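Each chain, written out:
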Amino acid sequence: MISVVFLSLLLGAAPNDGSGAASAQSLEAPPVADESPTAWSCTADTLRSGKECVFEAELTPAEPNKDQAASNIRTIQDMARTLCAESSKSSSTEGKPDRNLATTCEKKYAAAAERCGLEGTSPIVDAKGRFAPAARACYRAISGVLQETQMAASVGKTAVPAPKSPPSRGSASL
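Residues numbered from 1 in each chain as written. Predicted model: local features only at pLDDT ≥ 70, side-chain atom pairs only at ≥ 80, totals over all residues. Heavy atoms only, no water.

J.: Where do I start with the confidence of the model for the chain in this structure?
T.: Atom-level detail of predicted coordinates should not be read off regions where pLDDT is low. For the chain, the average pLDDT comes to 79, and 70% of its residues sit at 70 or higher. For the stretch residues 158-163, pLDDT sits under 50, and the model shows two contacts to residues farther than four places along the chain or on other chains. (pLDDT = per-residue confidence, 0-100. Contact = heavy atoms within 4.5 Å.)

Right, dumping it as structure tokens:
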């Protein structure tokens, strides 16, 4: 009886002779790469949230091209209005952006975006929305502008004004 059980276990665990197709879940199946951006990839969402990220875009460098440089700057500037409006919102104003703060953000953002041409050697983001590794300086510059704006929105709207100093007692006349 024991030998029958042992023999059936051995035969059941015998290596596959290749006659059956391996399922995608099987350890014998060839590996499949997941080409989608990882959760750590630098994208517009990580820029918006201020999270740490990894520059993992896959781009092939090319010869410098003025059109590509201009396109890169336009891509970044297109994000400005949305990102600055979101950054200038304060929780105390029920989610409404501060127009003055948003305008200031857009001006600083536009100045920072001038670093984003990458000399036209590659697109600023790949087809999957990931920032190019060469865009580190650009990403940091616009991220800094957005973080300053978020800080100004949270401090400016939630700060309690300083109390007025009481009149000095020595100045009262008798």
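Here the narrative resumes.
J.: Which parts of the structure should I look at to understand the packing of aromatic side chains?
T.: Given two aromatic rings, their pairing is described by the distance between the two centres and the angle made by the two planes. Applying the stated rule across the entire model yields two aromatic pairs. Between the aromatic rings of F55 and Y139, the centroid separation amounts to 5.3 Å while the plane-to-plane angle is 85°, which identifies the pairing as edge-to-face. With F55 in the loop between helix 2 (44-49) and helix 3 (66-87) and Y139 in helix 5 (residues 136-158), this residue pair connects regions lying 84 residues apart in the sequence. The two residues F55 and Y139 agree in class, both being buried. Cluster of aromatic residues (ring-pair linked, three or more members): F55, F131 and Y139. (Phe/Tyr/Trp six-rings, centres within 6.5 Å; stacked < 30°, edge-to-face > 60°. Helix = DSSP H or I, 4+ residues; strand = E, 2+ residues; numbered from the N terminus. Buried < 20%, exposed > 50% of the residue type's maximum accessible area, 1.4 Å probe, protein only.)

J.: Looking at this model, I keep getting lost on the side chain of T46. Mind explaining?
T.: Along the chain, the position of T46 falls in helix 2. Residue T46 is classed as buried on the basis of its relative accessible area, which comes to 8%. A distance of 2.9 Å separates a polar side-chain atom of T46 from the backbone oxygen of T43. The contact partners of T46, leaving out residues within four places of it in the chain, are S41, K51, C53 and Y139. (Polar contact = N/O pair within 3.5 Å; in protein donor to acceptor, adjacent residues only side chain to side chain.)

J.: Is there a simple way to explain the packing of helix 3 against helix 4 (residues 99-113) in this structure?
T.: Relative orientation and spacing of two packed helices are given, respectively, by the angle between their axes and the distance between those axes. Here helix 3 crosses helix 4 at 160°, and the two axes come no closer than 9 Å. Viewed along their axes, helix 3 and helix 4 adopt a mutual orientation that is roughly antiparallel. You can see that helix 3 and helix 4 cross each other, and the crossing is right-handed. Seen from helix 3, the contacting residues are I73, I76, Q77, M79, A80, R81, L83, C84 and A85; seen from helix 4, they are R99, A102, C105, E106, Y109, A110 and A113. (Axes fitted to C-alpha atoms, helices over the stretch in contact; angles between N-to-C directions. Parallel < 35°, antiparallel > 145°, perpendicular 65-115°, else oblique. Left-handed = near helix turned anticlockwise from the far one by under 90°.)

J.: Sorry, what's going on with unusual backbone geometry here?
T.: Note: most peptide bonds trans; most residues except glycine with negative phi. Look at L118: it is not a glycine, yet its phi comes out positive at around 55°. Within the element layout of this structure, L118 appears in the loop between helix 4 and helix 5. What makes L118 buried here is its relative accessible area of 11%. Positive phi values are uncommon outside glycine, yet E119 reaches one of about 55°. Take E119: it is sitting in the loop between helix 4 and helix 5.

J.: How do you make sense of helix 3 when you look at a structure like this?
T.: Residues that lie three or four places apart on an α-helix share one face, since the helix turns once every 3.6 residues. Taking 1.5 Å per residue as the helical rise, helix 3 with its 22 residues ought to reach 32 Å, and the 31 Å between its terminal C-alpha atoms agrees with that figure. Roughly 35° is the biggest bend found in helix 3, and it falls at A80. Within helix 3, the full set of buried residues consists of A69, N72, I73, I76, M79, A80, L83, C84, A85 and S87. For helix 3, the N-terminal capping position is held by N65, with its side-chain oxygen 2.8 Å away from the main-chain nitrogen of D67. (Expected span 1.5 Å × (residues − 1). Bend = angle between axes of the 7 residues up to and from the residue.)

J.: Looking at this structure, I do not really get the pattern of salt bridges. What am I missing?
T.: Side-chain pairs of opposite charge can arise whenever the charged atoms involved come near each other. Under the counting rule described, the total for this entry stands at five salt bridges. A salt bridge links R48 to E86; the nearest nitrogen and oxygen atoms lie 2.5 Å apart. Of this pair, R48 sits in helix 2 while E86 sits in helix 3, placing them 38 residues apart in sequence. Several salt bridges converge on common partners, so that one network encompasses D45, R48 and E86. (Salt bridge = Lys/Arg side-chain N within 4 Å of Asp/Glu carboxyl O.)

J.: So what exactly am I meant to see when it comes to the state of the cysteines here?
T.: The term disulfide refers to a covalent linkage connecting the sulfur atoms of a pair of cysteines. Tallied over the entire structure, the rule returns three disulfides. Covalent S-S linkage joins C42 and C53, the inter-sulfur distance amounting to 2.0 Å. The sign of the S-S torsion, about 90°, decides the handedness of the disulfide formed by C42 and C53: right-handed. Taken as a pair, C42 in the loop between helix 1 (2-12) and helix 2 and C53 in the loop between helix 2 and helix 3 lie far apart in primary sequence, eleven residues in all. Across the disulfide, C84 is cross-linked to C105 (sulfur-sulfur distance 2.1 Å). Between C84 and C105, the disulfide has an S-S torsion of -70° and is therefore left-handed. Taken together, the residues C84 in helix 3 and C105 in helix 4 connect sequence positions 21 residues apart. Classification of C105 by relative accessible area gives buried; the value is 1%. For the chain, the bonded cysteines pair up as 1-2, 3-4, 5-6 when numbered in the order they occur along the sequence. (Disulfide = S-S within 2.5 Å.)

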